Amino acid sequence: MQWSRPRSLGVHLGVLVSGILIGVFLSGRVGGQDLSDFTQGSQELLDELVAKDAIQKQIYNYARGLDRMDKELAYQIWHPDGTAHYIGSYEGTGRGLVDSVWSYHETLVAHSHQITNVLIEVDGNNAVSESYVMASLHANPAEDRATTRLYRSRYADRWSKRDGRWAVDRRVAIGDFMTKNEGTGPNQSTEGRRDRTDPSYEIYPH
């Protein structure tokens, strides 16, 4: 019996506090400040998070498009008038860049692109980002010798949202350094495919 009173008091206090909070929110004001300010701030934060997620997916789609030789997926990271500047090697449209690297990738045995350390800043319907890139390019110039080049670089991108879609307006690719490994012996076959027959498309076809 001696514990019944505190529990009952706690229940009543909980109900009282809940009632006060409900009253405050129904009144639309906290400490004289309109709750619409909080709602607007929450919406802006949500919009920013959604934008960052969409941009990050585009960045990853580019790596997938290159490795699976899915040209349409690689194209769509840019707006139709989007451009690319790969310092010292390319200046032109984003679509033209894809066409340029495609012919070289076709000569390779395999390749793998990883994009990490993605930093994104959003300002309304515009954004900027920096991403670190590692590209492993595996060639087999002879039956008994293979060469793998590992490029480390960064993408500095300007984005905009048009008709509900985030895409690149301008990409600047900054090379940091490259290493090369030459090995002997035949290449080993892998399960990876450089087209839409790759096993990943059975699970993630987008």
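Residues numbered from 1 in each chain as written. Predicted model: local features only at pLDDT ≥ 70, side-chain atom pairs only at ≥ 80, totals over all residues. Heavy atoms only, no water.

Peer 1: Go over the pairing of strand β3 (residues 78-86) with me, naming the residues and quoting the values.
Peer 2: For a regular strand, the rule is simple: side chains alternate between the two faces of the sheet. Of the pairings in the sheet, the one linking β3 to strand β4 (residues 90-93) comprises 4 bridges and is antiparallel in character. Looking at β4, one finds that Y86 is bridged to Y90. What sits between the antiparallel neighbours β3 and β4 is a turn of 3 residues, in which G88 has the positive phi angle 85°. (Pairing = 2+ DSSP bridges. Helix = DSSP H or I, 4+ residues; strand = E, 2+ residues; numbered from the N terminus.)

Peer 1: Run through the confidence of the model for the chain, naming residues and quoting values.
Peer 2: Model confidence for the chain is summarised by a mean pLDDT of 82, while 76% of its residues fall at 70 or above. At the low end of the mean pLDDT range in the chain sits helix α1 (residues 4-27), at 45; at the high end sits β3, at 97. Contacts of residues 1-18 to residues separated by more than four positions or lying in other chains number 0 contacts, the stretch itself having pLDDT below 50. pLDDT under 50 marks residues 20-26. Its contacts with residues more than four places away, or in other chains, come to 4 contacts. (pLDDT = per-residue confidence, 0-100. Contact = heavy atoms within 4.5 Å.)

Peer 1: Lay out the layout of surface pockets in plain terms, naming residues and giving numbers.
Peer 2: When its volume is computed, the largest pocket comes out at roughly 530 Å³. In terms of lining, the largest pocket is formed by 24 residues, of which the most central are Y86, S89, V101, Y151 and S153. Of all the secondary-structure elements, those providing two or more residues to the lining of the largest pocket are α2 (35-67), α4 (94-105), β6 (126-142), β7 (145-162) and β8 (165-184). In the lining of the largest pocket, the residues fall into 17 nonpolar, 6 polar and 1 charged. If you add up the space inside the second largest pocket, you get close to 150 Å³. Lining of the second largest pocket is provided by D47, E48, V50, A51, A54, V122, G124, N125, K161 and W166. A per-element tally of the lining of the second largest pocket places α2 first, with 5 residues. Its residues placed into classes, the lining of the second largest pocket shows 5 nonpolar, 2 polar and 3 charged. (1 Å grid on protein atoms, 1.4 Å probe; cavity = no way out; pocket = protein on both sides within 12 Å on 5 of 7 lines; lining within 4 Å. Points joined across faces, edges and corners; volume = space filled by probe spheres on them. Nonpolar A, V, L, I, M, F, W, Y, C, P; charged D, E, K, R; others polar.)

Peer 1: Got a sec to walk through the nonpolar core? Specific residues and values, please.
Peer 2: Judged by nonpolar contacts, the single largest core of 28 residues is most densely connected at Y62, W78, Y86, L97 and W159. Mapped by element, the contributors of at least two residues to this core are α2, α3 (71-75), β3, α4, β5 (110-123), β6, β7 and β8. Not counting residues within four places of it along the chain, the set of residues in contact with L97 comprises Y62, W78, A84, Y86 and Y90. (Core = buried A, V, L, I, M, F, W, Y, C linked by side-chain atoms within 4.5 Å. Buried < 20%, exposed > 50% of the residue type's maximum accessible area, 1.4 Å probe, protein only.)

Peer 1: I'd love a proper account of the packing of aromatic side chains, names of residues and values included.
Peer 2: One pass over the full model with this rule turns up 3 aromatic pairs. An angle of 90° between the planes, with centres 5.5 Å apart, marks the rings of Y62 and W78 as edge-to-face. Pair noted here: Y62 is in helix α2 and W78 is in strand β3, with a separation of 16 residues, a long-range link. Taking the centre distance of 6.2 Å and the plane angle of 70° together, the rings of Y62 and Y155 count as edge-to-face. Within this pair, whereas Y62 is found in helix α2, its partner Y155 is found in strand β7, the two being separated by 93 residues in sequence. Neither residue differs from the other here; Y62 and Y155 are each classed as buried. Among the aromatic residues, those joined into a ring-pair cluster are Y62, W78, Y86 and Y155. Seen from the ring of Y75, R95 lies directly overhead, with NZ or CZ sitting 3.8 Å from the centre. (Phe/Tyr/Trp six-rings, centres within 6.5 Å; stacked < 30°, edge-to-face > 60°. Lys NZ or Arg CZ within 6 Å of the ring centre and 35° of its normal.)

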